[in-house]
Amino acid sequence: MGFSVNVILFLALYLLPRVKSSMVSLSNNGYDGIVIAINPSVPEDEKLIQNIKEMVTEASTYLFHATQRRAYFKNVSILIPMTWKSKSEYLMPKQESYDQADVIIANPYLKYGDDPYTLQYGQCGEKGQYIHFTPNFLLTNNLPMYGPRGRVFVHEWAHLRWGVFDEYNMDRPFYISGKNTIEATRCSTHITGTNVVFKECNGGSCITRPCRRDSQTGLYEAKCTFIPDKSQTAKESIMFMQNLDSVIEFCRAETHNIDAPNLQNKMCDHKSTWDVIMNSDDFRNVSPMTGTNLPSHPTISLLKSKQRVVCLVLDKSGSMDMEDRLFRMNQAAELYLIQIIEKESLVGMVTFDSIAEIQNNLIKITDDNTYQKITANLPQVASGGTSICNGLKAGFQVITQSNQSTSGSEIILLTDGEDNQISSCFEEVKQSGAIIHTIALGPSAAKELETLSNMTGGHQFFANKDINGLIDAFSRISSRSGNISQQALQLESRTLNITGKKWINGTVPVDNTVGTDTFFVVTWTIQKPEILLQDPKGKKYNISDFKEDQLNIRSARLQIPGIAETGTWIYSLLNKHAKSQLLTVTMTTRARNLTTLPVITTAHMSQNTAHYPSPMIVYARVSQGFLPVLGSNVTAIIETEDGHQVTLELWDNGAGADTVKNDGIYSRYFTEYHGNGRYSLKVHAQARKNAARLSLRQRQNKALYIPGYVENGKIILNPPRPEVKDEMAEAEVENFSRVSSGGSFTVSGAPPNGNHTHVFPPGKITDLEAKFKSDHIQLSWTAPGKVLDKGKADRYIIRTSKDFLVLQEDFDNASLINTSGLIPNAAGSRENFEFKPEPSKRENGTKFYIAIQAIGEANRTSEVSNIALATKFIPPQEPSVPALGTNISAISLAVLGLAVILSIF
């Protein structure tokens, strides 16, 4: 009973809408709204545009056949950066932006390679974030290594759109099959090839020998490499080697290799890629196109990014007089104009109650004088009703009166009021092409606000009673152009409740990737505090160095002269008033220079909306350029409309909600619902004591680089892939601190008191490993919690079988292992357990499949874990294969040293 409920619970999670604002849709079998964006740092190159067009056109036909005539690429936009010259054929973008693109073209950071890959955060069937191609991949001949670019695009599209995973495994390239043979990890097993070790290569020839079996594991030795035959008959699978001429299909149930220890089997419970694809929103109710004709070629539009245009549309209705909302709005808006908005942007402002008033048309932000022209018009009195549509229409007017197009322009709409007429302007908003970012202030803001941001690809935020929620929201609304070096980053964002006449101290690290345009801001609610700030070299700033706002909005600001010193900054605040008051501390900065990309943190929830009791997942990505930052302490703070806060430590351990270990994506389940309404997400990432490191290791979810082919009995090798040596695979990262808003999400159906954790089972174990040691089987896995990934499970159920399908389809009837002495550890801990299989003939090659369930509160039962295999291997007396070498012609050298670990399913 518990298992079936869990399945329904998790299906509910997968069927909810994703948070990424991709505008792609499938209509009449054609994909519309695909955006391919070129990074501003990429040099102008007409050949790049031409090759993208050819890739998309080729991919469309390949996709059409691979999906059995169900889908093709119909309309694709290529977003040209502002840094390129204007041309008559370039059109004006609407909501298309680099920030929300489906495919990005950008140089790798630190030149770690040109492998095409897809950034996937989520679980099986969940859409990815984006596909990344490098300009070098698109401009050079990669045909022998990856195959035609159109095929590579379809491989990555399957990651991005349908949430399937690769069917190879660079860490576990071989496994022992159900037939007791050593197989290369692949799908399908019909793909043929040769397993060899490269001994010595000079000039155009290599000495190779057959692979030996490892005496401990029974698998091939570490340097054994699978080289596919050039000529194949197998039609599948695109998620293994799309570059083989014969491969034109995804693996189906009848050809799927359930034994292969790859991410597809781990993440998707051994389902075939085709089964996952056919269960996607795209194809669940879509029929193949009739007839025999191919669809027309994709329509490809060229759009050129424009200068940033932003209009603030701010509520000043009567309810804004409550809880200091007008003050807080003005404090946050001022911070946005002075510290966040990029220089050279065009900014206007509208205020509204029941009517709207244009405060100023667009002004280019060039220096301190220009932003003061806007801040001088911030509203000082709150009165009247609330007409959001009037505010938006005035915002459009500000933009058009300044000879700018509403297409691609941004509106930041902040309101605390209800408005039952908001839907009357939905169509006008849609036609405008503008991007609407919405900030709901307080619990009564119009419930339709999120519709505005969702339909236009904007961000959505919820801010409660303290100023930091608003500051965090405004700070997140940065440029969508992809020029990270210009974006403002938050180093600190804290609210401090300080008792009367008391000091409080704090520290903020400034790392060597940031330091330009650095501001330290303090706000207060009653009386200006005493402020002391000291840089890492001991230089001190006091209250006389801070600039107090002329509009009396209770804030004081210090702009650090020049480039901020790296190291630890120390601040001290004294509440001079007799009563307690709320003080906030905010520190923002930008990249130190144009060549060193800053460490950044981005965060979001797995859905924008949740209906209790669906669990949600919090995601935070910490990166520098495209490289993941490992070893960070990442904490999520989730706040409800009534001010209830939940703090979650996020993990990058490859267990529970986290897909892959050490990929810089930190995740955790969120289950602590506390009533209905809007919830806000904020993430704080920091690294202390030189614990963080930058990873240059190979990525997951990428097109496989083929080392070579067997053709007419000879191995023809490709040029070597640039490999990162182990000692160079990680680089130290200085101590840093980043704060980022993850926006807001909406919850319905939740009980008000928050005491409902018993509805959630323990999390599914996804990293179970098994191996024989003498006559015992040793197991290890990451402990789930009593409630998904929190607390301790009550107990474990371990079952074993010699038949894989028994565990997969009839777990409850498999042989039960005595676990009376196994006491679960806390979630996230490493578990180890050893048992002796029941007496039977354990000869060489005997296999045992093992799986686990965890039992939690109210006897809630987790899903069955991944299925691990332990194979009894008795080392032979003599080497199984003699070290004989053969002279083989080769184009050039490629030696792939691949680590072998026991196969995990």
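No experiment lies behind these values; they were computed from the predicted model shown.

Visitor: Sorry if this is basic, but what is going on with the pattern of salt bridges here?
Guide: Opposite charge on two side chains lets them pair, provided their charged atoms get close. By the definition in use, this model includes 30 salt bridges. Note that Arg186 and Glu183 form a salt bridge whose closest N and O atoms lie 3.1 Å from each other. Across the pair, exposure class does not vary: Arg186 and Glu183 are buried alike. Two residues, Glu323 and Lys465, come together in a salt bridge whose shortest N-O distance is 3.8 Å. Taken together, the residues Glu323 in the loop between β15 (309–315) and α9 (325–340) and Lys465 in the loop between β20 (460–463) and α14 (467–476) connect sequence positions 142 residues apart. For Glu323, a relative accessible area of 38% corresponds to the partly exposed category. Salt bridges sharing partners connect three or more residues here, namely Arg172, Asp767, Glu769 and Arg830.

Visitor: Even after reading the chapter, I still don't get the state of the cysteines, so can you show me in this structure?
Guide: Here, the word disulfide means a covalent bond between the sulfur atoms of two cysteines. Per the stated rule, a full pass over the model turns up four disulfides. The disulfide partner of Cys124 is Cys268, and the S-S distance across this bridge is 2.1 Å. Taking the torsion about the S-S bond as the criterion, the Cys124 to Cys268 disulfide, at about 105°, is right-handed. Taken together, the residues Cys124 in the loop between β7 (117–119) and β8 (130–133) and Cys268 in the loop between α7 (263–267) and α8 (273–278) connect sequence positions 144 residues apart.

Visitor: Teacher, can you tell me more about the sheet that holds strand β19 (residues 435–441) here?
Guide: Each strand in a sheet pairs with its neighbour through backbone hydrogen bonds, running either in the same direction (parallel) or in the opposite one (antiparallel). The six strands are arranged β17-β16-β15-β18-β19-β20 in an open sheet whose pairing can be described as mixed. Sheet topology places β17 (356–364) and β20 at the edges, where each strand pairs with a single neighbour. Going across the sheet, the axis of each strand differs from the next one's by a mean of 15°, ignoring polarity. Sheet topology note: the strand β16 (residues 346–352)/β17 ladder contains six bridges and is antiparallel. Residue pairing in the sheet places Met349 in a bridge with Asn360 of β17. Where helix α11 (residues 388–401) meets the sheet, it contacts β15, β16, β17, β18 (410–415) and β19, and its direction lies at approximately 30° from that of β17.

Visitor: I tried to follow unusual backbone geometry on my own but got confused; where do I start?
Guide: Glycine aside, a negative phi is what most residues show, and trans is what most peptide bonds show. Geometrically, the link from Cys187 to Ser188 is a cis peptide bond, its omega value of 5° lying close to zero. Mapped onto the fold, Ser188 is located in the loop between β10 (182–184) and β11 (193–202). The amide bond that connects Glu236 to the next residue, Ser237, takes the cis arrangement and shows omega of 25°. As for its position among the elements, Ser237 is in the loop between β13 (225–228) and α6 (238–241).

Visitor: Would you mind showing me how to read the nonpolar core here?
Guide: Tyr31, Ile38, Phe133, Phe153, Trp157 and Phe250 are the most contacted members of the largest nonpolar core, which has 74 residues in total. Of all the elements, helix α2 (residues 46–66) adds the most residues to this core, at nine residues. Ignoring any residue separated from it by four or fewer positions in sequence, one finds Phe250 in contact with Ala66, Val154, Ala158, Trp162, Glu236, Ser237, Ile238, Met239, Thr273, Trp274 and Ile277. Counting residues in each nonpolar core, the second largest holds 56 residues, with Leu303, Val747, Phe760 and Val787 among its members.

Visitor: Can you walk me through the packing of α2 against helix α5 (residues 149–162) in this structure?
Guide: Between two packed helices, both the angle of their axes relative to each other and the distance between the axes serve to describe the pair. The contact between α2 and α5 brings their axes to 8 Å, and the two run at 70°. One way to sum up the angle between α2 and α5 is to call them roughly perpendicular. Where α2 crosses over α5, the two elements pack in a sense that is right-handed. In this structure, α2 contributes Asn51, Met55, Val56, Glu58, Ala59, Tyr62 and Leu63 to the contact, and α5 contributes Arg149, Gly150, Arg151, Phe153, Val154, Trp157 and Trp162.

Visitor: What should I look at first to understand a negative patch on the surface in this one?
Guide: On the surface, a cluster of negative charge is made up of Asp803, Glu809, Asp810 and Asp812. With respect to the element layout, Glu809 can be found in helix α15 (residues 804–809). Looking at Glu809, the relative accessible area reads 61%, which means it is exposed.

Visitor: Got a minute to help me understand the packing of α9 against α14 in this structure?
Guide: Where α9 meets α14, the closest approach of the two axes is 9 Å, and the angle between their N-to-C directions is 30°. Our pair here, α9 against α14, has a crossing hand that is right-handed. The segment α9 lies against α14, with Arg328, Met329, Gln331, Ala332, Ala333, Leu335, Tyr336 and Ile340 engaging Ile467, Leu470, Ile471, Phe474 and Ser475.

Visitor: Can you help me understand the side chain of Lys790 in this one?
Guide: Position of Lys790 relative to the elements: it lies in the loop between β44 (776–782) and β45 (795–801). Within polar-contact distance, the side chain of Lys790 engages the backbone oxygen of Tyr669 at 2.7 Å. In contact with Lys790, not counting residues within four places along its chain, are Leu648, Arg668, Tyr669, Phe670, Thr671, Glu672, Gly785 and Ala827.

Visitor: In this structure, what is going on with the confidence of the model for the protein? I would like to understand it.
Guide: Residues shown with low pLDDT carry predicted positions that ought not to be read at fine detail. Scored by pLDDT, the protein has a mean of 88; 91% of the residues are at 70 or more. Across residues 1–19 the pLDDT falls below 50, and counting only partners more than four positions away or on other chains, this stretch makes 48 contacts in the model. Segment residues 878–905 is flagged for pLDDT under 50; beyond a separation of four residues in sequence, or across chains, it makes 98 contacts in the model.

Visitor: Looking at this model, I keep getting lost on the sheet that holds strand β43 (residues 769–773). Mind explaining?
Guide: On the basis of which strands lie adjacent, the open sheet formed by three strands has the order β43-β44-β47 and antiparallel pairing. Only two strands of the sheet have a single partner each, and these edge strands are β43 and β47 (830–835). Geometrically, the sheet is characterised by an average inter-axis angle of 20° between neighbouring strands, direction not taken into account.

Visitor: Even after reading the chapter, I still don't get α11, so can you show me in this structure?
Guide: Along an α-helix, a turn takes 3.6 residues, which lines up residues three or four apart on a common side. Taking 1.5 Å per residue, 14 residues should reach 20 Å; α11 reaches 20 Å between its end C-alpha atoms and fits that length. For α11, the full list of buried residues reads Ile388, Cys389, Gly391, Leu392, Ala394, Gly395, Phe396, Val398 and Ile399.

Visitor: Would you take a moment to explain the environment of Lys304 for this structure?
Guide: For Lys304, the position within the fold is in strand β14 (residues 299–304). Taking the relative accessible area as the measure of exposure, Lys304 reaches 13% and is therefore buried. In sequence terms Lys304 and Ser86 are 218 residues apart; their C-alpha atoms lie 7.6 Å from each other. In contact with Lys304, other than residues within four places in its own chain, are Ile80, Pro81, Met82, Trp84, Lys85, Ser86, Tyr90, Leu91 and Pro93. A distance of 3.2 Å separates the side chain of Lys304 from the backbone oxygen of Trp84, its partner in a polar contact.

Thresholds applied
Within every chain, residues take consecutive numbers counted from 1 along the sequence as written. It should be noted that, the model being predicted, local features are given only for residues of pLDDT at least 70 and side-chain atom pairs only at 80 or more, the latter also being counted only at that level, while totals for whole chains, interfaces and linings use all residues. Note: side-chain values were computed over all heavy atoms of the structure, leaving out hydrogens and water. The salt bridge definition used is simple: a Lys or Arg side-chain nitrogen within 4 Å of an Asp or Glu carboxyl oxygen. When accessible area is computed with a 1.4 Å probe and restricted to protein chains, residues below 20% of their type maximum are described as buried, those above 50% as exposed, and intermediate ones as partly exposed. We count a stretch as a helix when DSSP gives it H or I for four or more residues in a row; a strand needs E for two or more, and each element gets its number in order from the N terminus. Note on terminology: pairs of cysteine sulfur atoms within 2.5 Å are recorded as disulfides. A strand pair is defined by DSSP finding two or more bridges across the two strands. Only C-alpha atoms enter the line fits that serve as axes; for helices the fit covers just the stretch in contact. Angles between N-to-C directions range over 0 to 180 degrees. Whether two residues are in contact is decided by their heavy atoms, any of which lying within 4.5 Å being enough. Note on terminology: a nonpolar core comprises buried Ala, Val, Leu, Ile, Met, Phe, Trp, Tyr and Cys residues joined through side-chain atoms within 4.5 Å. Angles are sorted into four bins: roughly parallel if under 35 degrees, roughly antiparallel if over 145, roughly perpendicular if 65 to 115, and oblique for all others. When the near helix sits turned anticlockwise from the far one by under a right angle, the crossing is termed left-handed; a clockwise turn instead gives a right-handed crossing. What makes a patch is a set of residues exposed beyond 30% relative accessible area and free of salt bridges, joined within 9 Å when like-charged and within 5 Å when nonpolar (Val, Leu, Ile, Met, Phe, Trp, Tyr). For every accessible area listed, the method is Shrake-Rupley and the probe measures 1.4 Å; residues are considered covered only by the protein chains on display. In summary, the charge assignment counts Lys and Arg as positive and Asp and Glu as negative, without counting His or the chain termini. All charge positions are set by atom: Lys at NZ, Arg at CZ, Asp at CG, Glu at CD. Any N or O atom pair separated by 3.5 Å or less is treated as a polar contact, with the protein-specific requirement of one donor-capable and one acceptor-capable atom, and with residues adjacent in sequence counted only for side-chain atom pairs. pLDDT: the predictor's confidence for each residue, scored from 0 to 100. Helix span, expected: 1.5 Å multiplied by one less than the number of residues in the helix.

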